[in-house]
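Per-entry structural report
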Amino acid sequence: MLGRIVISRERIDAVVGRMAAEIESDLENRDPIFIGVLKGCVYFLTDLTRRIGRPVEIDFIQASSYGASTTSSGSVVLVKDITADVRDRDVYLVEDIVDTGYTLHDLVKLIQARHPRSVQVVALLSKPSRREIELDPDFLGFEIDDVFVVGYGLDFDERYRNLPDIHEFVPDGPESS
Ligand code: 5GP
């Protein structure tokens, strides 16, 4: 059931603004393409890129999701590939949350095999205590504890993505108002 607010829309807004400024100063002399990892990235990627004061290209990739479970299976399957050619481009891989690290580890490897000039990871959330493989985002919004969260793009069984705040989700717990 939907639980307490873990990160409010105001805090998200402030941190996305800070991240956009950091990324904008990193863009000097680069040929950037922002690749969003569907579907959780959508609100984050659109808010982030709108606050970058430079024309940038966006594309999307999709890996397999957890379905109706709240734990990672540890193996990643590509569901949708990008259409852009990333050779010699500076790739910013934009993800909602890094948990065990497997998804981004595999996606970075996949992109790197296509000979980009650089690949950097941009993540809104990270749960460092859950990491099973080394993965440090180059740009990070928030570190959170080991709780399952929904909202601002993050789902449980495809629901709750459109919540403006990030909430804890407690399977079978009491609904909060
Ligand atoms: P990883 O491969 O790092 O274990 O998992 C990354 C993916 O797991 C994220 O893109 C996201 O789809 C999902 N995930 C991990 N933690 C959470 C969470 O707390 N809430 C939701 N909704 N998805 C999560």
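For the structure, see preceding data.
Below or above, wherever it landed, is the structure these notes cover. Everything numeric here is computed off the predicted structure, so don't read it as measured data. (Residues numbered from 1 in each chain as written. Predicted model: local features only at pLDDT ≥ 70, side-chain atom pairs only at ≥ 80, totals over all residues. Heavy atoms only, no water.)

Our next topic: the environment of Gly40. Mapping Gly40 onto the fold places it in the loop between strand S2 (32–38) and helix H2 (42–50). Measuring from C-alpha to C-alpha, the distance between Gly40 and Asp99 comes to 13 Å, with 59 residues separating the pair along the chain. When sequence neighbours within four positions are dropped, the list of residues in contact with Gly40 reads Asp96, Tyr152, Gly153 and Arg161. (Helix = DSSP H or I, 4+ residues; strand = E, 2+ residues; numbered from the N terminus. Contact = heavy atoms within 4.5 Å.)

Looking at the ligand, there are 17 residues lining it, with Thr100, Thr103, Lys127, Val149 and Asp155 nearest. Within the contact set of the ligand, an oxygen atom lies 2.8 Å away from a side-chain nitrogen or oxygen of Lys127. In the complex, 91% of the free accessible area of the ligand, which totals 510 Å², lies under the protein chains. Contributing elements (two or more residues each) for the shell around the ligand: strand S5 (90–98) and helix H3 (102–112). Top contributing element to the shell around the ligand by residue count: S5, with four residues. For the shell around the ligand, the residue count by class is eight nonpolar, four polar and five charged. (Near = heavy atom within 4 Å. Polar contact = N/O pair within 3.5 Å; in protein donor to acceptor, adjacent residues only side chain to side chain. Areas by Shrake-Rupley, 256 points an atom, 1.4 Å probe, with all protein chains shown as cover. Nonpolar A, V, L, I, M, F, W, Y, C, P; charged D, E, K, R; others polar.)

Here we take up the pairing of strand S3 (residues 57–63). Across six bridges, the pairing between S2 and S3 is parallel. Opposite Phe34, over in S3, you have Ile58 as the bridge partner. You can see the chain leave S2, run along H2 and come back into S3, and the turn it takes is right-handed. The pairing of S3 with strand S4 (residues 78–80) spans two bridges and is classified as antiparallel. Bridging across to S4, Ala63 finds its partner in Leu78. (Pairing = 2+ DSSP bridges. Right-handed = clockwise from strand over helix to strand, strands pointing away.)

So, to be careful, I would describe these as geometric facts and stop short of saying anything about function.
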